[in-house]
Amino acid sequence: MPGKNLSRDEAQQRADVLSVDSYRIHLDVTSAVDPAAATFRSTTTVEFRSSAPGSATFLDLLAPTVRAVSLNGRALDPAAAFDGVRVTVDGLAERNVLVIEADCAYSRTGEGLHRFVDPADGETYLYTHFEPADARRVFATFEQPDLKAPYTFTVTAPAAWDVYSNGADESVETEGDGRIWHFATTRPISSYLTAVVAGPYHVVRDSYSRKLADGTTLEIPLAATCRKSLARYFDADEILTVTKQGLDYFHEEFDYPYPFGKYDQCFVPEYNIGAMENPGCVTFREEFVFRSKVTDAAYEGRANVILHEMAHMWFGDLVTMKWWDDLWLKESFADFMGSYAQVAATRYRSAWITFANRRKAWAYRQDQFPTTHPITADIRDLEDAKLNFDGITYAKGASVLKQLVAYVGRDAFFDGVRQYFKRHAFGNTVLGDLLGALEETSGRDLTAWAAAWLQTSGVNLLTPQVTVDAEGRITELAVLQDGGTPRPHRLAIGLYDRDTDGSLVRTHRVEIDVTGARTVVAELAGLPRPALVLLNDDDLTYCKIRFDDHSLETLRSSLGDITDPLARALTWSAVWNLTRDGVMPTRDYLSLVERFAGTESQIGVLQSLHQQARGALSLYAAPERRAEGGRLLAECALRELRAAAPGSDHQLAWARFLAHTATGTEHLQLVGGLLAGTARIDGLEVDQELRWELWLTLACAGQATEARLRAELAQDNTASGKQHLTHCLAAVPTAEAKAAAWSAVIDSDELPNALVEAQIAGFAQPDRRDLTAGYTARYFDVLETVWAQRSIEIAVKIVGGFFPRVQTDVQTLAAADTWLTAHPDAAPALRRLVLEGRDDLARALRAQACDQV
Ligand SMILES: [Zn+2]
């Protein structure tokens, strides 16, 4: 539906002639509890000015029906004004009052106003999600970030419900069977940041107060909400502790009082992303309410998201990018500040290790696709914008900012940021506005830095080149830079050697600037050759690293002996890149995991090793070596599970890894025994989430009947239970199960987003790729229809999720190429997804070839 796709040019033209004074939005959602009701009433009153009186403009609105349109008291014919995606009005005055009454649709895709019915108790819950451009599914709006305005929401809802929005509720009055909630008018904000959350949510309240520099006291009422049926799992204390630590920290650093009144954090069902920074009303995926035991990495991850969203109150909400090209202005900052604040202000002191190991892996992966882009991107329209919430915009941008702090100095950096907030409060900015502020406070010209890091794409590869003399002393150590345009890197190099107890410890560290293709590190000449040379030690820059042969030998025999957890994490990520790049045979990587993962102390690093090892086995192992690799991992999982401390996070992580790798009779019997209660591992609680993981193992192995799986659902009749059941049924290794999963997603659009994901995840299980091989041709046949007919969120899930990634053969690669050649004019965002899938396939084939030799 091309008309849905607002372009940058159109947005620019609108902003050139319009300014918006206010929106008043009334939503009546009393119909939500009736499953037969598909729509709710939405009334928008927008007051705006035009510098071109007499001209026409349009508002964005995706609604089944527009009932009435009036401009400055003049009724317009809705049939003429509304084309399904836009309301066009002409004869503008200098100052205008436009009223649009519409019936908008409840959503099941997580876009717009999502409606969810809790299977546990039958209660209905609503919440909105708008970024980048779905406010127009709920009310008529100028859907672009630079037409900010104050919003006043009123919401009519069932009497037993509570309603949350950006502003505080000022009054609630009873009307008929319902109640009308009046919310305080917001400060000027962008449409994608508005929010409404409504339903019988469980709420925990608290407050934060702080003495400001001018002697006044800032009070911020706090609330945390989740569905009633999750209330018993809701650890609001921990969430609010991190919240207060964050508020303290950001006030110290930003020197700009939190501008949006209260701060609600709502955990909502079937959420497509991690969280969204709606000012005063942040929404989170409710999987952050842990209903079974999780490792500390999950708590760390949640704290990171809480702080990321909070940083957005300033970066993104107070000061907002003009258009989606500069999405990085908010996302890179929030990603960077999330980890920065975590280390500075909370108990999660390993955040930079997690960042180096997990976040940067996301960036490196994305940055090597043919579709990569500079951090400051070229976003032509909303489809482009939707796909740009990626590893470049978040993690690469954050890495680059981390480096910028080192480059201009911490004080100059935060001084610049403070200037930027004060200067652009409630406004919109582009790259130059931020650079300008930082140049003023640091006294440095950042043009070259920005050109090298923000305006080019790709990741550099740094390789040490070491020569030694007959006595084993370094005669020269040089750093080679490869991979696209060379960039300036501030780089630490660590030399590691054996300690008296055999551990590998750093003996020397030098910090240098690498700029060209080859940089000689003079100060290391004459030193004895170390056991290990580690480039980018301390993770100062953004690059992939390699090892010299001698260091690689050390790692093969003793990777686990590196005592520093960050150095070890960097090493793990480098050997993962060697494997993905088809330089290290997959069997060697799996062998490293088998030997050294058991001693990995960082739980987050261990969990990413588990994930990467599974990926390596299913995609990068030579087909004839898969069975052997699978046995190796399963035996390792069992051994480490038995060795792990009872009740520890490590024990839980290894139990899950066993569930994911179990193959032979012995392992499957143990899985079955754990479920039946006939086998136990001391200290391991087989709670509900772990039970579903174990059921998935049996389902994939063809050892779980549908009746038995449904019996598990009867015991766990929850939203999460339904998703797990769907996942398990789609994973059953029969042609019928695969056909049913495919059909449920492709032949109907009735499924909610969460069940679309579950069907796809089950269908795509790699164990029995023979059962899905026949779907490759069908996949390429339906692509364009899916793209044209589904909402973008669901289309992205289908195109990305059903891509035949596990069919790692030349025929599938050829099928992807054929489609790409035949569809040069397909939507760029669709082509981007196919190009990325195609690149994954080509990479897998290279890695498999390396593993074959
Ligand atoms: Zn964000």
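Keep in mind the model is a prediction, meaning the values are calculated, not measured.

Peer 1: Please clarify how the UniProt feature "domain: Aminopeptidase N-like N-terminal" (unreviewed entry) in the chain should be interpreted in this entry.
Peer 2: The sites that carry the UniProt feature "domain: Aminopeptidase N-like N-terminal" (unreviewed entry) are, in the present numbering, residues 110–193. The distance separating the terminal C-alpha atoms of residues 110–193 is 15 Å; by composition the span is 0% helix and 44% strand.

Peer 1: Hey, could you run me through the sheet that holds strand S12 (residues 169–175) in this one?
Peer 2: Strand pairing in a sheet relies on backbone hydrogen bonds, with the paired strands running either antiparallel or parallel. Here eight strands make up an open sheet; going across it, the order is S5-S4-S7-S2-S1-S10-S13-S12 and the pairing mixed. The open sheet has two free edges, formed respectively by strand S5 (74–76) and S12, since each of these has just one partner strand. Sheet twist, expressed as the average angle between the axes of neighbouring strands with direction ignored, equals 15°. With ten bridges joining them, strand S1 (residues 18–28) and strand S2 (residues 39–50) adopt antiparallel strand pairing. In the strand pairing of S2, leucine 18 is matched with serine 50. Each of S1 and S2 touches helix H1 (residues 8–17); the most contacted strand, S1, lies at about 105° to it.

Peer 1: Is there a simple way to explain the packing of helix H20 (residues 706–715) against helix H21 (residues 719–731) in this structure?
Peer 2: Helix-helix packing is characterised by the crossing angle of the two axes and by the distance between the axes. H21 packs onto H20 with a crossing angle of 170° between their chain directions and a minimal axis gap of 9 Å. The orientation of H20 with respect to H21, classified from their angle, is roughly antiparallel. The two elements H20 and H21 meet at a crossing, and its hand is right-handed. Contacts from Glu706, Leu709, Arg710 and Leu713 in H20 reach Gly721, Lys722, Leu725, Cys728 and Leu729 in H21. Residue composition of the contact of H20 with H21, by class: five nonpolar, one polar and three charged.

Peer 1: Help me out: how do you make sense of the nonpolar core in this one?
Peer 2: Soluble globular proteins: nonpolar side chains tend toward being buried together. Among the nonpolar cores identified, the biggest contains 157 residues, and Val29, Leu61, Phe250, Trp314, Met337, Phe413 and Phe421 are the most heavily contacted of them. Beyond its immediate chain neighbours, meaning those up to four positions away, phenylalanine 250 contacts Asp255, Leu307, Met310, Ala311, Trp314, Met337 and Ala341. In this structure, Leu504, Ala531, Leu578 and Ala844 belong to the second largest nonpolar core, which totals 95 residues.

Peer 1: What's the story with the side chain of lysine 544 in this structure? I'm lost.
Peer 2: Within the secondary structure, lysine 544 is located in strand S28 (residues 544–545). Separated by 2.7 Å, the side chains of lysine 544 and glutamine 368 make a polar contact.

Peer 1: Where do I start with the coordination of the zinc ion in this structure?
Peer 2: Geometry reference: four tetrahedral donors at a metal, ideal angle 109.5 degrees. Six octahedral donors, ideal angles 90 or 180 degrees. Within the protein, the zinc ion binds to His308 (NE2), His312 (NE2) and Glu331 (OE); these donor distances fall in the range 2.0 to 2.1 Å. Mapping the donors of the zinc ion onto the primary sequence yields the spacing H-x3-H-x18-E. Here the residue histidine 312 occupies a position in helix H4 (residues 296–312), and glutamate 331 occupies one in helix H5 (residues 328–345), the gap between them amounting to 19 residues. In terms of burial, histidine 312 and glutamate 331 fall into one category: buried.

Peer 1: It is not clear to me how the side chain of glutamine 602 should be interpreted in this structure. Could you clarify?
Peer 2: Within the secondary structure layout, glutamine 602 lies in the loop between helix H14 (586–596) and helix H15 (603–620). Since its relative accessible area comes to 18%, glutamine 602 is described here as buried. In this structure, glutamine 602 is in contact with Ser350, Ile353, Pro565 and Arg568, ignoring residues within four places of it in sequence.

Peer 1: Could you clarify how one ought to interpret the environment of glycine 397 in this entry?
Peer 2: Of note, glycine 397 is situated in helix H8 (residues 392–408). A sequence separation of 68 residues divides glycine 397 from leucine 329, and the C-alpha atoms of the two residues are 8.7 Å apart. If near-sequence neighbours (up to four positions away) are discounted, glycine 397 is found in contact with Ser332, Ile375 and Ile392.

Peer 1: Would you take a moment to explain helix H18 (residues 665–676) for this structure?
Peer 2: In an α-helix, one turn spans 3.6 residues, which is why side chains three or four residues apart end up on the same side. Across its twelve residues, H18 extends 16 Å between first and last C-alpha, which sits within 8% of the 16 Å expected from 1.5 Å per residue. Restricting attention to buried positions, one finds in H18 the residues His667, Leu668, Leu670, Val671, Gly673, Leu674 and Leu675. Against the buried residues of H18 lie helix H16 (626–643), helix H17 (649–661) and helix H19 (688–700). Trailing H18 by a residue or two, glycine 677 shows a phi angle of about 85°, which is positive.

Peer 1: What's the story with the pairing of strand S24 (residues 489–498) in this structure? I'm lost.
Peer 2: The two faces of the sheet receive side chains in turn, since in a regular strand these alternate between them. Across the ten residues of S24, seven count as buried, placing the element largely inside the fold. Relative to strand S25 (residues 504–514), S24 runs antiparallel, the two sharing ten bridges. Counted as the bridge partner of arginine 498 is leucine 504 from S25. Relative to strand S27 (residues 532–535), S24 runs antiparallel, the two sharing four bridges. Across the sheet, the residue bridging to leucine 495 is valine 533, located in S27.

Peer 1: Would you explain H19 in this entry?
Peer 2: Over its 13 residues, H19 runs 18 Å from end to end, which matches the ideal 18 Å to within 8%, given 1.5 Å per residue. Of all 13 residues in H19, twelve are buried; the element is thus mostly enclosed. Those residues of H19 not exposed but buried are Gln688, Leu690, Arg691, Trp692, Glu693, Leu694, Trp695, Leu696, Thr697, Leu698, Ala699 and Cys700. Packing partners of the buried residues in H19 comprise H17, H18, H20 and H21. Looking at the residues trailing H19, positive phi occurs at glycine 702, about 75°.

Peer 1: Looking at this structure, I do not really get the UniProt feature "domain: Peptidase M1 membrane alanine aminopeptidase" (unreviewed entry) in the chain. What am I missing?
Peer 2: Following the UniProt record, the feature "domain: Peptidase M1 membrane alanine aminopeptidase" (unreviewed entry) maps to residues 241–453 here. Measuring from the first to the last C-alpha atom of residues 241–453 gives 36 Å, for a span that is 58% helix and 8% strand.

Peer 1: Where do I start with the packing of aromatic side chains in this structure?
Peer 2: Working definition: an aromatic ring pair is given by the centre-to-centre distance plus the angle between the planes. Considering all chains together, one arrives at 50 aromatic pairs under this definition. Look at tryptophan 742 and phenylalanine 802: their rings are 4.9 Å apart centre to centre, the planes differ by 40°, and that puts the pair in the tilted class. Residue tryptophan 742 is found in helix H22 (residues 735–746), and its partner phenylalanine 802 is found in the loop between helix H25 (792–801) and helix H26 (810–822); the two are separated by 60 residues along the sequence. The exposure class assigned to tryptophan 742 is buried, which follows from its relative accessible area of 2%. Residue placement shows lysine 402 over the ring face of tryptophan 352; its charged tip is 4.8 Å from the ring centre. Sitting over the face of the ring of tyrosine 407, arginine 444 holds its NZ or CZ atom 4.3 Å from the ring centroid.

Peer 1: Sorry if this is basic, but what is going on with the pairing of strand S22 (residues 461–468) here?
Peer 2: The pairing of S22 with strand S23 (residues 474–482) spans eight bridges and is classified as antiparallel. Of the residues in S23, the one forming a bridge with leucine 461 is aspartate 482. Where S22 hands over to S23, the hairpin turn is made up of five residues, of which glycine 472 adopts a positive phi near 80°. Where S22 meets S28, two bridges bridge the pair, whose relative direction is parallel. Paired with leucine 462 across the strands is isoleucine 545, a residue of S28.

Peer 1: Any chance you could explain the sheet that holds strand S9 (residues 124–129) here in plain terms?
Peer 2: Taken in spatial order, the four strands of this open sheet run S8-S9-S14-S11, and their pairing is antiparallel. The strands lining the two open edges of the sheet, one partner per strand, are strand S8 (112–117) and strand S11 (162–165). The mean angle between the axes of side-by-side strands here comes to 10°, regardless of whether they run parallel or antiparallel. Bridging between S11 and strand S14 (residues 196–199) involves four bridges; their strand directions are antiparallel.

Peer 1: Help me understand the state of the cysteines, please; the structure alone is not making it clear to me.
Peer 2: When the sulfur atoms of two cysteines share a covalent bond, that bond is a disulfide. Summed over the entire model, instances satisfying the criterion amount to zero disulfides. For the unlinked cysteine cysteine 266, the closest cysteine sulfur is that of cysteine 281, found at 4.3 Å.

Peer 1: Which parts of the structure should I look at to understand the packing of helix H24 (residues 776–789) against H25?
Peer 2: Where H24 contacts H25, the two axes come as close as 10 Å, and the packing angle between them is 170°. Comparing the axis directions of H24 and H25 gives the class roughly antiparallel. Listed contacts from H25 to Tyr779, Leu783, Val786 and Trp787 of H24 are Ile792, Ala795, Val796, Ile798 and Val799. Within the contact of H24 with H25, the residues separate by chemical class into nine nonpolar, no polar and no charged.

Peer 1: Looking at this structure, I do not really get the pattern of salt bridges. What am I missing?
Peer 2: In a structure, side chains of opposite charge can pair up when their charged atoms sit close to one another. Using the criterion set out here, one finds 69 salt bridges in the structure. A salt bridge links arginine 41 to aspartate 103; the shortest N-O distance between them is 3.2 Å. With a gap of 62 residues between them, arginine 41 in strand S2 and aspartate 103 in strand S7 (residues 95–105) connect regions that are remote in the sequence. The class for arginine 41 is partly exposed, based on a relative accessible area of 33%. Note on aspartate 103: relative accessible area 10%, which makes it buried. Here arginine 556 makes a salt bridge to aspartate 588, at a shortest N to O gap of 2.8 Å. One end of the pair, arginine 556, is in helix H12 (residues 549–558); the other, aspartate 588, is in helix H14, with 32 residues separating them in the sequence.

Rules used throughout
- Residues numbered from 1 in each chain as written.
- Predicted model: local features only at pLDDT ≥ 70, side-chain atom pairs only at ≥ 80, totals over all residues.
- Heavy atoms only, no water.
- UniProt positions renumbered as here; feature names shortened; annotations may be inferred.
- Helix = DSSP H or I, 4+ residues; strand = E, 2+ residues; numbered from the N terminus.
- Pairing = 2+ DSSP bridges.
- Axes fitted to C-alpha atoms, helices over the stretch in contact; angles between N-to-C directions.
- Contact = heavy atoms within 4.5 Å.
- Parallel < 35°, antiparallel > 145°, perpendicular 65-115°, else oblique.
- Left-handed = near helix turned anticlockwise from the far one by under 90°.
- Nonpolar A, V, L, I, M, F, W, Y, C, P; charged D, E, K, R; others polar.
- Core = buried A, V, L, I, M, F, W, Y, C linked by side-chain atoms within 4.5 Å.
- Buried < 20%, exposed > 50% of the residue type's maximum accessible area, 1.4 Å probe, protein only.
- Polar contact = N/O pair within 3.5 Å; in protein donor to acceptor, adjacent residues only side chain to side chain.
- Donors = N, O, S within 2.8 Å, 3.2 Å for Na, K, Ca; no water.
- Expected span 1.5 Å × (residues − 1).
- Phe/Tyr/Trp six-rings, centres within 6.5 Å; stacked < 30°, edge-to-face > 60°.
- Lys NZ or Arg CZ within 6 Å of the ring centre and 35° of its normal.
- Disulfide = S-S within 2.5 Å.
- Salt bridge = Lys/Arg side-chain N within 4 Å of Asp/Glu carboxyl O.

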